Amino acid sequence: MSKRLQDLATPLTKIRRTIGEYVSRPFESVSENQKFWVSFAFLCLLTTFLVNNPFWRTSVEQYKEGDIARESIISPADISVLDAEETEKIKQSVRESIQPIFTFESKRGEEAVQGFRSAWENLARKNGNVNANSRMNANEKSGSQENWTGAGGAEVGKIFSARRFSTNELEAVTRVLRENAEGSIYGDQDRQYFQEEITLNDRQKPNQQSIVKMPESNMTALSEARDKLKDGLKQIRSLSETEVEAFNAALAPLVQPSVVFDSVATNNARQAVEKNVQPVTISLKRGQTVVRDGDTITPAVLSQIAAIRSYSDSTRQLNRFFGLLCLISALFWAAWKYIEHRGVVPRLVLSEQKTFALFGFIVLVQTALMAIFFRLAEFTAAQNLKAPLNDPTLWAFAIPFATGSLLMTLLADRRTAIFTGLFLSLIAGLLAPKSLEYALYTAITSAVAVYGIGRYRSRQSVTTAGILVGLASAATAVALIGYTQQPFILNTVTLAISCGLASGLITAAVTAVFLPLCETTFGILTDVKLLELSNADLPVLGQLALRAPGTNQHSHAVGQLAEEACRVVGANGLLTRIGALYHDIGKTAAPEHFVENQHGRNPHDRLKPTQSAKIIVSHVTYGVKLAKEMGLPPRIIDFIPQHHGTRTLHYFLRKAQLEARADEEVSENDFRYPGPKPQFKESAIMMIADSCEAAARSLSEPTPENIRFIVTKIIDAIISDDQLDECDLTLRELTQIRESMIKSLDSIYHARIDYPGYIPPNSIRTLISAAEEDAEDRGIHYKNPADIPISKGGEVEDEAIDRSHQPEKAEAKTVK
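Owing to the predicted nature of the structure, the values given are computational and were not obtained by experimental measurement.

Quick look at the overall build of the protein
- When you go through the protein residue by residue, the secondary structure sums to 31 helices and ten strands.
- For the protein, buried positions account for 46% of its 816 residues.
- Taking the intrachain contacts of the protein between residues at least 6 apart in sequence as the baseline, contacts between residues at least 24 apart amount to 78%.
- Carbon together with sulfur atoms contributes 54% to the accessible area of the protein, which is approximately 41300 Å² in total.

So this is what it looks like as structure tokens:
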């Protein structure tokens with residue numbers, strides 16, 4: 001291999017091959033059939049999980065009170081569940097019916113008076129005056145302010161010690177205290193527990209309860225009682241303002257609430273009545289209609305819907321999963337049988353197993369997309385309160401339902417693609433809230449994706465398909481609105497059309513993402529991929545044109561012949577034309593050893609037949625090796641060995657036998673191409689076109705009769721050599737191929753028409769002469785078509801002709 005060609009090889013191919021061998025090593029002991037059915041089971045399980053996954057969506061739509069039902073809801077079974085929400089509402093109502101309980105302390109006023117007297121008597125006693133008539137007036141001794149033990153502290157004691165208070169003044173103060181400390185006084189912090197009625201328990205009479213209505217109006221707040229105390233003290237005219245403040249500071253803390261909220265008693269009473277509440281049970285019969293499409297959602301209906309949801313989420317989930325698994329497995333089995341027996345598909349070069357793997361991958365991707373987008377549609381609708389934006393069925397029109405069928409159309413064929421669309425419409429029916437409507441929507445948009453575009457010859461085809469799918473989706477969405485008897489309101493129709501158009505755009509975007517991935521993963525040669533391989537700027541084609549120009553010209557000519565023949569029999573002409581560009585890339589290793597690149601002398605004249613055969617045969621093995629290193633698709637690589645099949649280099653073999661000694665044995669395998677024989681129509685047509693082009697190029701007079709003679713001779717030789725036994729060409733197709741070859745070659749080599757009186761310029765005549773001399777200089781030309789060295793396998797072996805003793809440009813004779 002030359003260094004320049006080695007530099008063209010990419011290391012990624014070797015890395016990919018190493019990783020593939022490492023991954024496949026644990027499965028070497030497993031047969032292909034076992035691998036297929038294990039993968040089949042995994043595919044069914046994964047698809048079922050995507051359809052039945054509770055994390056994606058619930059089986060019953062979410063509603064709020066006052067909503068309009070978007071579909072009829074029917075009980076799936078006999079359901080009897082506890083209505084926890086309604087039961088809690090009843091318990092809450094019962095708890096609220098129990099009035100708050102307060103405790104009444106009837107002696108609070110007397111306790112306040114006794115507290116004041118006790119503190120005043122203590123002050124008098126500690127100052128040494130214990131006379132019964134004057135003990136409350138003892139305040140003349142120094143330091144008596146420090147003996148005050150009541151509220152207010154030393155400052156209050158100092159004021160009390162400043163003068164002698166009369167008995168009338170002290171009795172007036174006591175009276176004001178009693179008047180404001182007695183009665184029903186509640187703490188300001190307990191006001192929050194008041195209701196229209198409260199229960200009052202007298203602590204002095206444990207068995208006596210009373211109901212107090214409007215407690216806030218009939219009772220006094222603690223802050224209000226203390227304010228009244230201060231106002232009463234101000235009414236005693238003999239007291240100064242300072243003395244009033246002192247008495248208020250000493251007496252206000254003695255005024256305490258007599259009505260106190262009893263939280264323990266209240267909670268005990270409420271818990272007691274709560275225990276007597278019987279749980280509310282929702283009972284539904286199988287087939288019972290909970291709500292009909294278009295009805296208003298009431299609280300009772302909400303409870304029943306919640307019961308169905310609770311049943312679906314917690315009961316018989318295993319049954320549902322198993323049933324769904326059986327259904328999906330049956331659908332995939334039907335899909336496998338369809339793919340296995342779908343007949344001949346010219347564009348599809350995948351095996352049945354690989355086609356089903358592609359189908360399964362597309363179904364998984366499409367199912368995941370639908371599950372995600374259905375959930376997204378529900379979420380979007382939940383964020384909106386006004387119709388029609390709160391309707392998830394309208395938002396769901398934006399789901400790219402046609403992605404799967406469009407991918408299959410571009411990657412495979414229309415028959416498999418339309419089947420994929422119908423298959424996915426059933427999956428959409430299992431996922432969607434309205435099964436029939438969305439199954440129809442998916443089927444229609446998929447059909448448009450399949451039949452709305454032509455051949456995939458450019459990346460723009462995806463965009464075109466997306467636009468067509470968007471228009472069809474918008475029209476179908478409006479039709480479904482009419483079918484479901486919804487009014488044609490401007491907002492509703494606008495949202496449906498917008499979502500339909502968005503579906504087409506999303507379909508194109510998702511398809512553009514997954515299309516190259518599928519091409520690479522499954523080794524699919526789309527028309528776009530083939531056209532990219534025809535770029536003359538690719539390194540390997542550039543090297544072929546530079547190092548072997550004759551071979552390059554021959555490859556292009558063979559491609560034209562083979563493409564036209566494929567078109568006649570319905571084979572893939574583009575695949576064949578691209579395969580022709582690469583079928584002889586192995587000749588770049590030794591281009592001068594092949595007749596189309598030779599000028600004058602033949603290098604094989606100086607070589608032994610075995611050496612010549614080895615060089616010629618090696619262009620196949622070297623071509624395959626080079627193609628793999630370049631990362632060419634396997635289908636293109638197949639053309640390199642198969643266009644020669646297992647034919648023998650007959651003329652070199654005969655030379656070797658003639659030159660061999662009597663005791664020397666010549667092995668025929670040394671002169672045979674490694675094969676295999678053509679395995680598909682395109683490679684068989686390539687074999688015929690390769691030989692026919694080489695033979696026609698060797699004719700000195702390519703008349704229609706001579707062309708028909710050599711084409712017929714080559715095809716008969718190929719058939720006689722059993723080279724077409726392993727492909728599916730019929731005799732009728734071979735006849736059509738023969739006539740196509742004759743017609744094409746006749747068009748290429750037809751005689752030029754002389755135009756009387758026209759003399760081309762010298763520059764043009766120079767170019768024509770140079771081209772004619774170059775054409776005559778390359779290889780050998782035969783006047784008699786029977787003299788062309790066509791082997792028993794139908795191959796032209798010009799290289800075997802010995803030209804060492806012949807003058808240049810002389811006509812060669814057949815080697816006998």
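Some thoughts on helix α9 (residues 222-234)
- When the terminal C-alpha atoms of α9 are compared, their 19 Å separation across 13 residues agrees well with the 18 Å that a helix rising 1.5 Å per residue should span.
- Three or more residues of α9 are buried, namely L222, A225, L229, G232 and L233. The buried residues of α9 occupy an angular sector of 95 degrees when the element is viewed end-on, so they sit on one face.
- Contacts made by the buried residues of α9 are with α7 (167-181), β4 (185-186), β7 (220-221) and α10 (241-251).

Structural notes on the packing of aromatic side chains
- Here the structure, examined in full by the defined rule, presents 35 aromatic pairs.
- For the pair W336 and F356, a centre-to-centre distance of 5.7 Å together with 75 degrees between the ring planes defines the contact as edge-to-face. One end of the pair, W336, is in helix α13 (residues 317-340); the other, F356, is in helix α14 (residues 352-382), and 20 residues separate them in sequence.
- We classify W336 as buried; its relative accessible area is 6%.
- Ring centres of F359 and F419 lie 6.1 Å apart, and the angle between their planes is 40 degrees; this geometry places the pair in the tilted category. Of this pair, F359 sits in helix α14 while F419 sits in helix α17 (residues 414-431), and the two are 60 residues apart along the sequence.

Details of the pairing of strand β6 (residues 209-213)
- As paired elements, strand β5 (residues 197-202) and β6 share five bridges and run antiparallel to each other. Paired with N201 across the two strands is Q209, which belongs to β6.

Considerations on the nonpolar core
- With 72 residues, the main nonpolar core has Y582, I585, L632, I636, I685, V711 and M741 as its most contacted residues.
- No other element matches the ten residues that helix α28 (residues 681-697) contributes to this core.
- If we ignore the near neighbours within four places in the chain, the residues touching V711 are C692, R738, M741, I742 and L745.
- Among the nonpolar cores identified, the runner-up in size contains 68 residues, and L358, L369, I399 and V450 belong to it.

Details of unusual backbone geometry
- The amide bond that connects G675 to the next residue, P676, takes the cis arrangement and shows omega of 10 degrees.
- Within the fold, P676 resides in the loop between α27 (650-659) and α28.
- The phi torsion at M214 lies on the positive side, around 45 degrees, for a residue other than glycine.
- On the secondary structure map, M214 appears in the loop between β6 and α8 (215-218).
- Positive phi values are uncommon outside glycine, yet Q485 reaches one of about 65 degrees.
- Topologically, Q485 is positioned in the loop between α19 (460-483) and α20 (490-521).
- Taking relative accessible area as the criterion, Q485 reaches 72% and is therefore assigned exposed.

Overview of the packing of helix α22 (residues 539-547) against helix α23 (residues 549-569)
- Close contact between α22 and α23 brings their axes to 5 Å; oriented N to C, the two are set at 120 degrees. As far as their axial angle goes, α23 and α22 are oblique. In this structure, α22 uses L544, A545, L546 and R547 to contact α23, whose residues at the interface are P549, T551, N552 and S555.
- A breakdown of the residues in the contact of α22 with α23 according to their chemical character gives four nonpolar, three polar and one charged.

Side note on the pattern of salt bridges
- Applying the stated rule across the entire model yields 24 salt bridges.
- Of the charged contacts, one joins R95 and E88 as a salt bridge, the two residues approaching to 3.1 Å between their closest N and O atoms.
- One salt-bridge network, held together by shared partners, links E563, E564, R567 and R577.

Regarding the confidence of the model for the protein
- When pLDDT is averaged across the protein, the result is 83; 84% of the residues are at 70 or more.
- With pLDDT under 50 throughout, residues 807-816 is counted as low confidence; its partners more than four residues away or in other chains account for 14 contacts.

What to know about the packing of helix α16 (residues 403-411) against helix α18 (residues 435-451)
- At their nearest, the axes of α16 and α18 sit 8 Å apart, and the two run at 20 degrees to each other. With respect to α18, the axis of α16 lies roughly parallel. Handedness of the α16/α18 crossing: right-handed. Of α18, the residues touching α16 (which contributes S405, L406 and T409) are S446, A449 and V450.
- Residues belonging to the contact of α16 with α18 are distributed by class as follows: three nonpolar, three polar and no charged.

Side note on the side chain of E795
- Among the secondary structure elements, E795 is positioned in the segment after α31 (762-777).
- Look past the residues within four positions of E795 in its chain and what remains in contact with it is H644, R647, L649, Y673, S691, P789 and I790.

Things to note about the environment of T576
- Tracing the chain through its elements places T576 in helix α24 (residues 573-582).
- Expressed as a C-alpha distance, the spacing of T576 and I636, which sit 60 residues apart in the sequence, is 8.5 Å.
- In contact with T576, other than residues within four places in its own chain, are A562, C566, F639, E682 and M686.
- Within the structure, the side chain of T576 is placed 2.9 Å from the backbone oxygen of N572, a separation counted as a polar contact.

What counts and how
Residues numbered from 1 in each chain as written. Predicted model: local features only at pLDDT ≥ 70, side-chain atom pairs only at ≥ 80, totals over all residues. Heavy atoms only, no water. Helix = DSSP H or I, 4+ residues; strand = E, 2+ residues; numbered from the N terminus. Buried < 20%, exposed > 50% of the residue type's maximum accessible area, 1.4 Å probe, protein only. Contact = heavy atoms within 4.5 Å. Areas by Shrake-Rupley, 256 points an atom, 1.4 Å probe, with all protein chains shown as cover. Expected span 1.5 Å × (residues − 1). Arc of directions from axis to C-beta. Phe/Tyr/Trp six-rings, centres within 6.5 Å; stacked < 30°, edge-to-face > 60°. Pairing = 2+ DSSP bridges. Core = buried A, V, L, I, M, F, W, Y, C linked by side-chain atoms within 4.5 Å. Axes fitted to C-alpha atoms, helices over the stretch in contact; angles between N-to-C directions. Parallel < 35°, antiparallel > 145°, perpendicular 65-115°, else oblique. Nonpolar A, V, L, I, M, F, W, Y, C, P; charged D, E, K, R; others polar. Salt bridge = Lys/Arg side-chain N within 4 Å of Asp/Glu carboxyl O. pLDDT = per-residue confidence, 0-100. Left-handed = near helix turned anticlockwise from the far one by under 90°. Polar contact = N/O pair within 3.5 Å; in protein donor to acceptor, adjacent residues only side chain to side chain.

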